[in-house]
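Each chain is listed here by its residues.
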Amino acid sequence: ENKESSSSRGALIVLEGLDRCGKTSQSGRLYKYLDEQGHSVESWRFPDRNTGVGQMISSYLANKSQLDDHAIHLLFSANRWEKRSLMEEKLKSGTTLIVDRYSYSGVAFSSAKGLDIEWCKAPEIGLLAPDLVVYLDISPEKAAERGGYGDERYEQLEFQKKVAGSYLSLRDSSWKVIDATLLIEDVEKKLREVVLDCMMTCHKGKPMSQ
Ligand code: DGP
Ligand code: NA
Ligand code: NA
């Protein structure tokens with residue numbers, strides 16, 4: 001056995017999907033499971049509303065402030081950049097991160113407003129690349145039925161339809177797509193399977209990608 005490859009890093013696991021796809025409950029359940037199994041794991045989310053930038057984003061989402069579409073796009077991206085070094089540190093020290101939304105949300109939501117997709121992708125270049133992207137798949141109509149949306153800016157059916165279209169064009173064959181309309185326990189089970197599989201690969205010494 002090669003010592004080097006057994007000194008393992010953590011996996012960067014990203015969950016994506018429309019608002020009300022169940023991402024947040026699933027990341028909580030996944031975190032609890034992995035933690036109980038004795039893995040070093042943390043649950044993260046973007047936007048991280050606790051930072052200064054995050055508070056500006058939060059106020060924008062609550063319709064308490066107005067910002068140019070490009071300006072808010074760059075703030076969401078900055079919010080990921082300000083966590084980048086900590087993220088890298090955690091992964092290198094062997095902690096797996098379950099991240100609720102990442103760069104794909106940035107590109108999907110802003111390009112759904114009509115911003116140029118390449119322009120949207122540019123500020124994300126250089127952030128850490130996920131080891132796994134899981135898309136919790138639900139139609140915008142079904143998502144809207146789930147106890148209704150809150151008051152936040154993007155929680156509107158017509159807009160979510162555009163976001164769904166953007167996600168579809170961003171998806172590639174490496175994404176694991178899980179039917180988010182299954183029973184919560186079944187989604188959880190499928191999620192565990194793809195995540196454990198990914199963690200095995202990382203533990204075999206797959207290098208961290210940029
Ligand atoms: P959440 O806290 O996951 O409910 O996210 C808040 C809202 O912000 C949600 O509608 C998704 C959207 N969002 C998340 N990340 C980004 C981003 O990077 N850019 C844009 N434009 N919207 C985002
Ligand atoms: Na939301
Ligand atoms: Na985000």
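Rules and cut-offs
Residues numbered from 1 in each chain as written. Chains lettered and ligands numbered in written order. Predicted model: local features only at pLDDT ≥ 70, side-chain atom pairs only at ≥ 80, totals over all residues. Heavy atoms only, no water. UniProt positions renumbered as here; feature names shortened; annotations may be inferred. Buried < 20%, exposed > 50% of the residue type's maximum accessible area, 1.4 Å probe, protein only. Helix = DSSP H or I, 4+ residues; strand = E, 2+ residues; numbered from the N terminus. Arc of directions from axis to C-beta. Contact = heavy atoms within 4.5 Å. Pairing = 2+ DSSP bridges. Axes fitted to C-alpha atoms, helices over the stretch in contact; angles between N-to-C directions.

- Where an unreviewed UniProt entry is consulted, the protein chain appears under the name Thymidylate kinase, with the organism given as Solanum stoloniferum.
- Under the Pathway (unreviewed entry) heading, UniProt states for the protein chain: "Pyrimidine metabolism; dTTP biosynthesis."
- UniProt lists a comment for the protein chain under the heading Sequence similarities (unreviewed entry), and it reads "Belongs to the thymidylate kinase family."

Examining helix α3 (residues 52–61)
Then comes step 1: Looking only at α3, the buried set comprises V53, G54, I57, Y60 and L61. The buried residues of α3 all sit within an arc of 120 degrees when viewed along its axis, so they share a single face. Opposite its buried face, α3 presents the exposed residues G52 and Q55, each directed more than 90 degrees away.
Then comes step 2: Where α3 is buried, its residues touch α4 (69–81).

Observations regarding the sheet that holds strand β1 (residues 12–16)
Then comes step 1: The strand order across the open sheet formed by 5 strands is β2-β3-β1-β4-β5, and the pairing between neighbours is parallel. The sheet is open, and its two borders are formed by β2 (41–45) and β5 (176–179), each paired with just one other strand. Within the sheet, the average angular offset between the axes of one strand and its neighbour, ignoring direction, is 20 degrees.
Then comes step 2: Bridging between β1 and strand β3 (residues 96–100) involves 4 bridges; their strand directions are parallel. Across the sheet, the residue bridging to V14 is V99, located in β3.

Quick notes on the pairing of strand β4 (residues 132–137)
Each regular strand displays side chains that alternate between the two surfaces of the sheet.
Then comes step 1: The buried fraction of β4 is high, at 5 of 6 residues.
Then comes step 2: The sheet contact formed by β1 and β4 spans 4 bridges and is parallel. Within the sheet, the bridge partner assigned to L15 lies in β4 and is V134.
Then comes step 3: Summarising the sheet, β4 and β5 pair through 4 bridges and their orientation is parallel. Bridged to D137 within β5 is D179.

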